[in-house]
Every structure is written in structure tokens, then in C-alpha cells.
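Per-entry structural report
These are the residues of each chain, in order.
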Amino acid sequence: MTIPLMSDPIFLARNHPVLPTYSLGTRLLRQAWVIVGCVLLAIVAVMYWVSQAEPVYRAVATLQLEKERVKITEANILERSKVSMALDDPFLYTQYEKLKSRALAEKVIREVNLPVTALAAADPVADLLSRLHIEPVARTQLLKIHYESTDSALAVAVVNGVVDTLIQLNQEAQPPTISLLRKMQTLRVVSDTFMPSLEVVERARLWRAPWYTQYAGAIIAAILGGLLLGVILALLRERFGKKPMSVNALQAMSGLPVLGSIPRVRGFAKRRLVQAALRNVGSPAAEAYRVATANLHFSGANHAPRITLLTSVNTAEGKSTSAAYLAIQQARQGLKVLLIDADLRKPSLHRYLGVANRRGLSDYLRGDAEVAAMTQVIPQVKGLYFLAAGGKVQHPANLLSQPSLSLLLQRATQYFDSIVIDASTLVGFADVLYLSALADATLIVTNAENVNPMRLLHAVEQLHRVKSNIVGCLMLKSPENAPDYRHYRLHQQYASEQHSLPAVVKSKRKGLNLALTPNTNATVQ
């Protein structure tokens with residue numbers, strides 16, 4: 001099975017990059033923590049303001065408003081009688097609006113002698129009306145008058161003042177005289193006259209308003225404001241921030257297959273990840289690397305690639321960790337694997353594997369030492385050998401371009417079933433181009449959270465001009481959900497306790513003395 005290099009989509013994507021498109025709901029869901037954080041922050045701010053605010057007191061009084069009919073009897077006597085009102089009687093609502101008049105508020109301030117300092121100095125009448133509420137009780141003829149203030153005495157004084165003023169005005173209101181009523185009836189202007197009748201049911205009663213009734217509006221406004229701010233920030237992060245790229249989007253954009261999708265592993269440094277792989281600790285990341293190893297095995301035209309090069313576009317994308325994982329997985333399959341740290345600019349594999357870096361590849365290329373003396377055995381994994389980067393060099397590309405590197409790899413292929421090379425980053429350095437020309441397969445490691453489409457396409461074109469051996473990408477920190485392996489853990493534990501599984505592949509290759517004449521007929525069984 002061959003995974004072809006799709007060169008045409010690469011050059012097409014360079015001019016017309018196929019970037020991932022997501023619905024608005026998907027983008028907001030990805031930034032849900034931003035939205036929730038903004039809402040919580042707004043609520044916390046309002047709650048802090050509530051805790052620092054003074055308590056609000058509410059004084060409430062109850063009045064009964066009735067409709068009174070005034071008419072003249074045959075004996076020229078003025079007769080008054082109570083009349084029932086419908087809930088939608090215009091007379092009832094007319095009286096409500098009269099009770100909210102500015103004239104009533106001015107009279108209350110004069111009669112009660114309210115201190116002007118207790119109200120807004122600019123317009124005390126408007127301030128009184130803004131906090132004075134007169135509301136009808138549903139399905140009754142009762143009125144609730146309430147006033148809220150941080151001063152409890154002021155709240156009681158205002159409500160009682162309004163009640164007394166209303167009763168006084170109602171008592172002062174005189175019905176029309178008998179002669180006037182007769183004249184109005186003669187002119188057929190009106191047959192009867194209706195007047196309001198007020199009765200005090202309960203004078204001002206003071207109680208402290210619960211905080212959720214005082215500040216319900218502020219809390220609702222905080223929630224809505226935080227939600228709006230969170231949505232705006234979420235869309236800005238989606239537009240200008242870094243966001244993970246899916247496997248399908250990476251394949252469509254680069255024109256390369258993704259051989260492995262490695263999930264994010266939280267709470268582990270890179271060295272601990274490699275050490276866990278050496279101890280054969282099972283994890284979703286280890287299973288994902290096994291999938292990548294299998295895909296890499298079948299990426300060649302007739303056989304698995306013998307020399308595999310791993311590189312990346314940006315630094316700290318996880319190529320060294322991936323190189324170590326692939327080499328370990330291949331060795332666990334029974335292959336004899338040589339892992340070479342060819343990142344002469346910033347070597348790190350020796351730290352991940354827990355071995356020394358006194359001498360290595362750079363020393364061999366300078367002619368200071370033999371490869372056999374510098375190749376180290378990794379005792380935790382049978383069949384795994386490591387060639388460190390060696391001492392620091394001033395111009396790594398000059399060393400890697402020497403013919404001795406090609407000779408080293410040719411001899412190594414006679415003694416090892418697989419050679420995995422960890423190279424430096426691609427953009428800005430020529431090191432990878434020399435190594436890619438000697439490799440059978442080049443694998444580009446990408447970080448799903450830090451994909452730069454233009455830089456990636458430029459890197460692919462550079463490698464493609466050197467040698468068409470790019471087999472695909474390896475995506476780290478993939479947003480795709482990792483499979484659940486818990487179903488297999490019990491069976492895997494039982495199998496490891498009862499059986500010692502033989503190696504999948506056995507090799508006849510022995511020895512590390514690459515200077516010896518190799519057996520060209522050696523095969524892998």
C-alpha cells in the first residue's frame with residue numbers, strides 16, 4: 001500500500017489555502033470557557049457591589065379605592081352610594097394616574113416637612129416620584145403604596161405622608177351642589193356624578209427588601225452584559241487567536257495524509273512522556289503512536305521505509321518526542337532500531353532517554369570518533385540503540401552535507417532494520433534538506449494548536465524540491481477525541497500476566513561495528 005504525495009494540491013493550496021470553516025455554534029462552543037468566565041466575572045463584580053451597598057428598606061401601606069355615586073333624590077336630598085367597578089373601568093385607572101401626579105408629590109413634601117437633603121437636591125419632586133410606587137392589587141380595589149430608601153425613617157414618613165395627603169384631599173373634595181346637579185340633569189349633561197372614595201386599610205409597615213429583589217435588575221444586566229462580552233471576545237479569539245486545526249482541515253490544506261493524530265497529554269513534561277514509553281506504560285498517546293507506526297510501515301511502495309526523518313515547521317512542536325516514540329514502538333515490534341539525534345542546533349533526545357551526550361554524530365562527522373564506540377544501548381527496550389548529537393558545532397549544515405553522513409546511513413541500513421532521525425526545524429535552516437535527501441521517508445510533525453498554513457506549505461514545497469519522499473504529517477495535540485481504551489485494559493493486564501508474547505518480527509542482524517563488511521544478504525524474517 002502506498003500513500004502518494006499529492007503534489008498538485010500542495011501548489012494549489014499555496015495560492016488558495018483550504019482553511020477550516022466552522023459554524024457559529026461550533027466556534028462559540030470551542031470558546032465556551034471564555035463566555036462562562038465573562039459571565040462569572042460580571043456576576044462576581046455585581047455581587048461585590050451588592051455586598052458593599054447599604055441595605056434598602058421598603059415601607060408599604062394599603063388603601064381601598066371605591067367608586068361613589070352622587071345623585072339627587074325626589075326629596076331634593078343628595079344621596080351617596082358605593083358602586084362596584086369592573087377591572088377595566090376607566091374611572092379606576094384615571095384615579096391611579098391622579099395619585100402619581102407631581103402636584104401630589106409637592107404637597108407631600110410640604111405637608112410632611114421632608115428634609116430636602118434626603119432627596120435629590122436638583123429636583124426633589126422627581127426623586128420622590130422615581131422611588132414612590134402606587135400599584136393596584138390584581139382583582140381587588142386595593143392600592144399598594146410603597147417607597148424604598150436606605151433611610152428607614154424616611155421611607156415610613158413618605159408613605160404615611162402620601163396616605164394622609166390622599167385622605168385629606170379626598171375629604172376636601174365636595175360634591176356638586178343640588179342646584180348644579182339639577183341644572184346638569186336639565187341640560188342632560190349628566191344623570192349621575194361619580195367620585196372616588198379612599199379608606200386606609202393598613203398604614204406604613206417597614207420591612208427590609210431582600211437583596212435579590214433590590215438588585216435583580218443589576219444581576220440580570222450583569223449576566224446579559226457578561227454573555228455579550230464573552231461572545232464578542234470568543235469571536236475575536238476565533239478570528240485572530242490561535243485555534244486547533246482538525247485532521248481533515250490539515251489534510252485539505254496541505255495535500256498530505258495525516259499518519260497519526262496524537263491527543264494532548266496534560267500534566268506531563270516531554271521527558272516524562274518518553275520515560276513512560278520506555279516503561280511501556282499504556283496511554284491514549286501511546287496507542288496513537290502505535291497507529292502512526294503502523295501507517296508509517298505501510299507508507300512505502302514495496303516495503304517499509306528504512307530511514308525515516310522527522311522534522312517540524314516550528315520549534316517545540318514535539319518532533320523529538322515523536323521520534324523517540326516511533327523508535328520505541330518499532331523496537332517493541334521486534335525490529336532493531338537506531339535512533340539518531342541529528343538536531344545539532346538544540347539536541348534533546350539524550351535528556352528524554354536519560355543517557356549522556358558526551359560524543360555523538362557531530363564527533364563522527366568531524367572524524368573524531370567511530371560510530372560503534374558512540375552508539376548507546378537503551379536497556380529498557382530490547383533492540384533500541386541511540387546515537388546522540390554529540391558536541392556543539394558552529395555550522396551544522398556544513399557537517400550534515402558531508403559524504404560521511406551518507407556512508408554512515410548506508411552502513412547502518414545493513415545492521416539495523418529501521419533508522420529514525422530527529423532533525424532540526426525546517427524553516428530557516430538547511431540541515432533538514434540534506435537529511436531529507438538521504439531519507440526514505442520524511443514525516444512532518446505539526447502542532448494542531450500552532451499551525452501556520454503558509455509556513456507549512458512553504459516547508460512542504462522546499463522538501464518536495466529536494467526529494468519527493470514526504471509520506472505525511474503527524475498531528476500532535478489533536479482536537480479529535482481520543483478513543484476509550486478502558487474496555488481493553490482488563491484483558492491486556494491478564495494477557496501480560498499469563499503470557500510472554502513473542503516479538504512480531506525477528507532480525508538476524510547483530511553487532512554494532514559499522515566499520516565491518518556487512519552481510520548484504522541479511523534479511524528480516
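Our structure is the block above this text.
Residues numbered from 1 in each chain as written. Predicted model: local features only at pLDDT ≥ 70, side-chain atom pairs only at ≥ 80, totals over all residues. Heavy atoms only, no water.

Some words on the packing of helix H3 (residues 32-52) against helix H10 (residues 216-240)
Their axes nearest at 7 Å, the elements H3 and H10 cross at an angle of 150°. With respect to their mutual orientation, H3 and H10 come out roughly antiparallel. Viewed along their axes, H3 and H10 form a crossing whose handedness is right-handed. Between H3 and H10, the residues in contact are Trp33, Val34, Ile35, Cys38, Val39, Ala42, Ile43, Val46, Met47 and Trp49 and Ala218, Ile219, Ala222, Ile223, Gly226, Leu227, Leu229, Gly230, Val231, Leu233, Ala234 and Arg237, respectively. (Axes fitted to C-alpha atoms, helices over the stretch in contact; angles between N-to-C directions. Helix = DSSP H or I, 4+ residues; strand = E, 2+ residues; numbered from the N terminus. Parallel < 35°, antiparallel > 145°, perpendicular 65-115°, else oblique. Left-handed = near helix turned anticlockwise from the far one by under 90°. Contact = heavy atoms within 4.5 Å.)

Quick word on the nonpolar core
Formed by 49 residues in total, the largest nonpolar core has its most connected members in Leu361, Ile419, Ile421 and Ile444. Aside from chain neighbours lying at most four places away, what touches isoleucine 444 is Leu256, Thr311, Val313, Leu456, Val460, Leu463, Ile470, Gly472, Cys473 and Leu474. Listed in part, the 38 residues of the second largest apolar core include Ala324, Leu326, Leu349 and Tyr352. (Core = buried A, V, L, I, M, F, W, Y, C linked by side-chain atoms within 4.5 Å. Buried < 20%, exposed > 50% of the residue type's maximum accessible area, 1.4 Å probe, protein only.)

Focus: the packing of aromatic side chains
Pairs of aromatic rings are described using the distance from one ring centre to the other and the angle between the two planes. Applying the stated criterion across every chain, the model contains 2 aromatic pairs. Ring centres of tyrosine 289 and tyrosine 325 lie 4.3 Å apart, and the angle between their planes is 10°; this geometry places the pair in the stacked category. Here tyrosine 289 is found in helix H13 (residues 284-297), whereas its partner tyrosine 325 is found in helix H14 (residues 319-332), with 36 residues between them in sequence. Residue tyrosine 325 is classed as buried on the basis of its relative accessible area, which comes to 3%. Pairing tyrosine 385 with phenylalanine 416 gives two aromatic rings, centres 5.5 Å apart and planes at 65°, and the pair type is edge-to-face. Taken together, the residues span a long stretch of sequence, with tyrosine 385 in strand E10 (residues 384-387) and phenylalanine 416 in the loop between helix H19 (403-415) and strand E11 (418-422) at a distance of 31 residues. Here tyrosine 385 and phenylalanine 416 have matching classes, each one buried. (Phe/Tyr/Trp six-rings, centres within 6.5 Å; stacked < 30°, edge-to-face > 60°.)

Here we look at H19
With 13 residues, H19 extends 19 Å from end C-alpha to end C-alpha; this agrees with the ideal 18 Å at 1.5 Å per step. Inspection of H19 places Leu405, Leu408, Leu409, Ala412, Thr413 and Tyr415 among the buried residues, and these make up the whole buried set. Buried residues of H19, viewed axially, fall in a sector of 160°; they line one side. (Expected span 1.5 Å × (residues − 1). Arc of directions from axis to C-beta.)

A look at a nonpolar patch on the surface
On the surface, Leu228, Leu229, Ile232, Leu233, Leu236 and Phe240 cluster together to form a nonpolar patch covering roughly 590 Å² of accessible area. Within the element layout of this structure, leucine 233 appears in helix H10. (Patch = residues over 30% accessible without salt bridge, like charges linked within 9 Å, V, L, I, M, F, W, Y side chains within 5 Å. Areas by Shrake-Rupley, 256 points an atom, 1.4 Å probe, with all protein chains shown as cover. Salt bridge = Lys/Arg side-chain N within 4 Å of Asp/Glu carboxyl O.)

Side note on the pairing of E10
Residue alternation in E10 divides its side chains into two sets, Leu384 and Phe386 and Tyr385 and Leu387, and both sets are buried. Summarising the sheet, strand E8 (residues 337-341) and E10 pair through 4 bridges and their orientation is parallel. Within the sheet, the bridge partner assigned to leucine 338 lies in E10 and is tyrosine 385. The hairpin turn running from strand E9 (residues 376-377) into E10, its antiparallel successor, is 6 residues long, and glycine 383 in that turn takes a positive phi close to 90°. (Pairing = 2+ DSSP bridges.)

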